[in-house]
Amino acid sequence: ANIRRHPLEIPPPSEKDWPKDDEEDFFLQDPDRKRDVLPQPFRMINKLVMQVFESAMEIIERKEMLQEAQKQKVQPTKCSPTAEFQVTGRANCLAVSGEYIFVGLSVGLAAFSTCDCKEICAWDAVKTEICALHASDLGNESHVVLAVDEMGLVWLFCFHKESFLLIKALNEVGDISKRSTCVEVVLSLGGDYTGVLLQGNTKAWLEIYQLPKDSWLREMEKNPGAAAGLACSERRPSCTSVVKNILNTFLLQDSPVSANQADPKLDLPVLLLTVKPPEPITGSSFESPLDALKEVDDGSMLGLGYNHLIKDFQWELQEAIFRSTYREYLEAEGVIKEEIPRHATIHFLLPSQVLQVGPDMEVQPDVPAGIGVHWDGNHNFCLYLLNHPLNEQVDSDLKPDVVWPCAAPIACSAVSSCFRYLALAGEDATITIWDKHLGFPLSVTAILEERFIRSIHFL
């Protein structure tokens, strides 16, 4: 018998035994599939197809995992609309006051009832598009409505007993070349005051109006049926053409006050303040600190930075040193020349220890006693009283009553619903919360990351 004396050994591989195929893992394949290997270039195509398939499977698995994680989260409640407003044209804006919803349309504006969502009346006498809308409840079924059209005109209405009474276009002028454009409108809570930010060709300014709402309400009580004719003509297109022609004649006359002012006669708003943006700080002409202090009126102008002793040549020397030191950065980014700001943020403020009024002035706790204004790119938050004597209201160079300087230019601001707390966010991403009643900061929060705060709100 043949008996193997030595154990069976596996011979070492040699280079001539290596597979000549391009596949690196050829020796790992099933021997039964040796003859099924595709020739080139089909193997390359197969490899690409498999890679695409594996990538697709990875994407599918990743999406399935995200869907599973989303299912485990609390889903928000989906609310379906309970009612629908049928408007004529396109709705651009809306404002809610009392039991009414005012909607700015592509042609005019309309009022809807919150009870049944039906249109009560509409105003389209001037055929203009309304882009912004503000409203406030005056009581006694009356509401004040401010509308800004596509041309930048501010229309002031008194909505009384389901009819619009046009009072005045606040920035209407006879010469169209001198017309100013409204940028923003702010209406105080209760409708006592309104602020209008206007821009001309080269300048911007802020106008503060007092709305004689008490006079309006008294006039409405004297003439309870004065607006009935207007309401009919605005709601019913079937009114006679004579009534329509008379209404259009009065509404389109040179005077911005409509025919409704004749009966009832509503008083026009009173211009209280005209606030201009701060001028750039320039060199001083004072010879001594005493001369600079003489210009300060009872300390009310402290903080604006105008009463200083820095000369023009010192500003120029500082500018030259700054440019030489940071030349490479200035050339890379470019330097924008300082310009007078053209946009402002305004807040109506209730009486507080910061806004001290004279003893002979009557103050109501729920009526604004002043305004707070800050202009874009400016460090100062300026406060102005609204009850200046009449001889001071016409001052063309109105100075703030209180100035709060900030370390950085103010980017945005907000006032709490109780009107006590003020939040100022600087361009250096620092948020300061002020107590307006006491006049000192409650907290200062700095965001470490490089962020620019665009808006801030109290919750």
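Residues numbered from 1 in each chain as written. Predicted model: local features only at pLDDT ≥ 70, side-chain atom pairs only at ≥ 80, totals over all residues. Heavy atoms only, no water.

For the rest of this paragraph, the subject is the pairing of strand β19 (residues 430-435). Of all six residues in β19, six are buried; the element is thus mostly enclosed. Neither face of β19 is exposed, since T430, T432 and W434 on one face and I431, I433 and D435 on the opposite face are all buried. Pairing of strand β18 (residues 421-426) with β19, which is carried by five bridges, proceeds in the antiparallel orientation. Following the sheet pairing, L422 is matched in β19 by W434. (Buried < 20%, exposed > 50% of the residue type's maximum accessible area, 1.4 Å probe, protein only. Helix = DSSP H or I, 4+ residues; strand = E, 2+ residues; numbered from the N terminus. Pairing = 2+ DSSP bridges.)

Spatial strand order, β1-β2-β3-β4: four strands in an open sheet with antiparallel pairing. The strands lining the two open edges of the sheet, one partner per strand, are β1 (91-97) and β4 (119-123). Taking each pair of neighbouring strands and ignoring which way they run, the sheet shows an average axis angle of 20°. Direction of pairing for strand β3 (residues 109-113) relative to β4: antiparallel, over a ladder of four bridges. (Axes fitted to C-alpha atoms, helices over the stretch in contact; angles between N-to-C directions.)

On the secondary structure map, S188 appears in the loop between β9 (181-187) and β10 (193-199). At a separation of 2.9 Å, a polar atom in the side chain of S188 contacts the main-chain amide nitrogen of Y193. Leaving out residues up to four positions away in the same chain, S188 has contacts with S136, Y193, F348 and P368. (Polar contact = N/O pair within 3.5 Å; in protein donor to acceptor, adjacent residues only side chain to side chain. Contact = heavy atoms within 4.5 Å.)

Below, the discussion takes up the environment of V196. Its place among the elements puts V196 in strand β10. Judged by relative accessible area, which is 1%, V196 ranks as buried. Remark: the alpha-carbon pair of V196 and I346, spanning 150 residues in sequence, is separated by 9.4 Å. With residues near it in sequence (within four places) discarded, V196 still touches V154, L170, C182, E184, V185, W205, L206, E207 and Y209.

Here we take up helix α2 (residues 213-222). Along α2, the positions that sit buried rather than exposed are K213, S215, W216, L217, E219 and M220. Of the surrounding elements, those touching the buried residues of α2 are β5 (130-139), β6 (142-149), β7 (154-160) and β8 (164-169).

Another aspect to go through is the side chain of E207. Turning to its location among the elements, E207 is positioned in strand β11 (residues 204-210). Buried and unpaired, E207 has no salt bridge, with K168 as the nearest side chain of opposite charge at 8.0 Å. A distance of 3.0 Å separates a polar atom in the side chain of E207 from a polar atom in the side chain of W205. Within the local environment of E207, its side chain forms a polar contact with the side chain of Y209, the two groups lying 2.5 Å apart. (Lys, Arg positive; Asp, Glu negative; His and termini not counted. Salt bridge = Lys/Arg side-chain N within 4 Å of Asp/Glu carboxyl O.)

Just distances and angles here, no functional claims.
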